[in-house]
Amino acid sequence: MAPPQVLKINLGCGYHGAPGWINIDASFRIWFSRYRRPNRSTSIAPPPCGSPPSVRNRVEEPPPNYRRINLRTGRLPFASGSVDYCYSSHFLEHLPRWEAARLVREVSRVLAPGGLLRIVVPDLELIARLYVGAISAAEPERGAFAALIPEYDTPSHKLNAYFSKHPRREEIPARALRTRLSRWADLRFGAALPHQWMYDLQDLTNLLKEAGFRGITKQAYRRGEMPDLDVLDIERHRDESLYVEARTPGLTV
Ligand SMILES: C[S@@+](CC[C@H](N)C(=O)[O-])C[C@H]1O[C@@H](n2cnc3c(N)ncnc32)[C@H](O)[C@@H]1O
């Protein structure tokens, strides 16, 4: 008899999917990228996720098992209790908080009893501390904050970038018509929003508790109970992120 299939979903995957997972994102740009010729450089980045220009300017393949789904609808196309693992990195903060709460409730519906959710978001507390440290330092660009979002230079610009991740206008060259069109389509139809709400541990814990999750635990980069963390957790988010895992209530016998 074939072993029961483990269903793993990755919400707001961007270009960063993992094999064996259903990698979900609303992005037309990712969807269209399957039609691009390989090894052709683009002149514009995917949404600035804090990635360095060398990464952002590469033409990337769509992730394996890519499904283009707008997660703002509040519905996941999976049967109740059918999903074993749900991972989401640097996506939740792109939703207004009430939509994030609705999506997390939906995740708890599709997860099996005892199913595991891992959420990675920019860490509001950490970023606030780093910002204050940077402006207090004799040389403001010294310290860990300087390394974050390298395309933004001053502490103030970096902080603002966390609260509204729009690319700077000059980052969009006029000649990149196809990329401009897919970016427009993403914003118009793909429902991709810049950052809407930032989380610290307390707020994220409350959001998960309200959705019925239990065992809410702060984790660390590539540490936790979620499988495939060596692929899923992205190194460039390591120094800015809050990692949290939680489970749906288990079966009672
Ligand atoms: C900052 S990127 C994160 C990508 C990747 N998970 C990472 O950790 O770097 C946010 C992703 O969320 C996606 N996204 C934004 N709004 C969405 C929505 N309403 N439904 C599905 N995906 C959405 C964007 O297209 C983008 O790929």
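The environment of the ligand is formed by 21 residues, the closest being Gly12, Gly14, Ala26, Leu71 and Ser89. Grouping the constituent residues of the shell around the ligand by class yields 10 nonpolar, nine polar and two charged.

Interaxial distance between helix H3 (residues 97-110) and helix H7 (residues 201-210) falls to 9 Å at its minimum, and their mutual angle equals 50°. Here H3 lies oblique to H7, going by the angle between them. Between H3 and H7 lies a crossing of right-handed hand. Mapping the contact onto sequence places Ala100, Ala101 and Val104 in H3 and Leu207, Leu208 and Glu210 in H7.

Here the focus is H7. Taken together, the buried positions of H7 are Leu204, Leu207 and Leu208. Down the axis, H7 shows its buried residues gathered within 95° of arc, on one side only. Of the exposed residues in H7, those oriented more than 90 degrees away from the buried face are Gln202, Lys209 and Glu210. Buried residues in H7 make contact with H3, strand S5 (111-122), strand S6 (214-219) and strand S7 (241-247). Where H7 ends, the next residue or the one after it, Gly212, has phi of about 95°, a positive value.

Glancing now at the environment of Glu240. Residue position: Glu240 is located in the loop between helix H8 (229-232) and S7. Judged by the 21 C-beta atoms lying within 10 Å of it, Glu240 falls in the buried class. Taking the C-alpha atoms as reference points, Glu240 and Val121, separated by 119 residues in sequence, lie 8.3 Å from one another.

A word on the environment of Ile216. Residue position: Ile216 is located in strand S6. Its 18 C-beta neighbours within 10 Å are what place Ile216 among the partly exposed residues. Measuring from C-alpha to C-alpha, the distance between Ile216 and Asn206 comes to 9.6 Å, with 10 residues separating the pair along the chain. Apart from the residues lying within four places of it in its own chain, the contact partners of Ile216 are Thr205, Leu208, Lys209, Val244 and Ala246.

This brings us to the packing of helix H4 (residues 124-136) against helix H5 (residues 155-163). Where H4 meets H5, the axes come as close as 10 Å, and the angle between the chain directions of the two elements is 165°. By the criterion of interaxial angle, the relationship of H4 to H5 is roughly antiparallel. Of the two elements, H4 crosses H5, and the hand of that crossing is left-handed. The residues of H5 that touch H4, namely those facing Ile127, Tyr131, Ala134 and Ile135, are Pro155, Leu159 and Tyr162. Each residue belonging to the contact of H4 with H5 can be placed in one class, and the counts come to seven nonpolar, no polar and no charged.

Moving on, we come to the pairing of strand S2 (residues 22-25). Along S2, one buried face is formed by Ile22 and Ile24 and the opposite face, lined by Asn23 and Asp25, is buried too. When strand S1 (residues 8-11) meets S2, the two strands line up parallel, connected through three bridges. Along S2, the bridge assignment pairs Leu11 with Ile24. Sheet topology note: the S2/strand S3 (residues 66-68) ladder contains three bridges and is parallel. By the bridge assignment for S3, Asn23 is matched with Tyr66.

Scoring rules and cut-offs
Residues numbered from 1 in each chain as written. Predicted model: local features only at pLDDT ≥ 70, side-chain atom pairs only at ≥ 80, totals over all residues. Near = placed C-beta within 6 Å. Nonpolar A, V, L, I, M, F, W, Y, C, P; charged D, E, K, R; others polar. Axes fitted to C-alpha atoms, helices over the stretch in contact; angles between N-to-C directions. Helix = DSSP H or I, 4+ residues; strand = E, 2+ residues; numbered from the N terminus. Parallel < 35°, antiparallel > 145°, perpendicular 65-115°, else oblique. Left-handed = near helix turned anticlockwise from the far one by under 90°. Contact = placed C-beta atoms within 7 Å. Buried ≥ 20, exposed ≤ 12 C-beta atoms within 10 Å, placed from the backbone. Arc of directions from axis to C-beta. Pairing = 2+ DSSP bridges.

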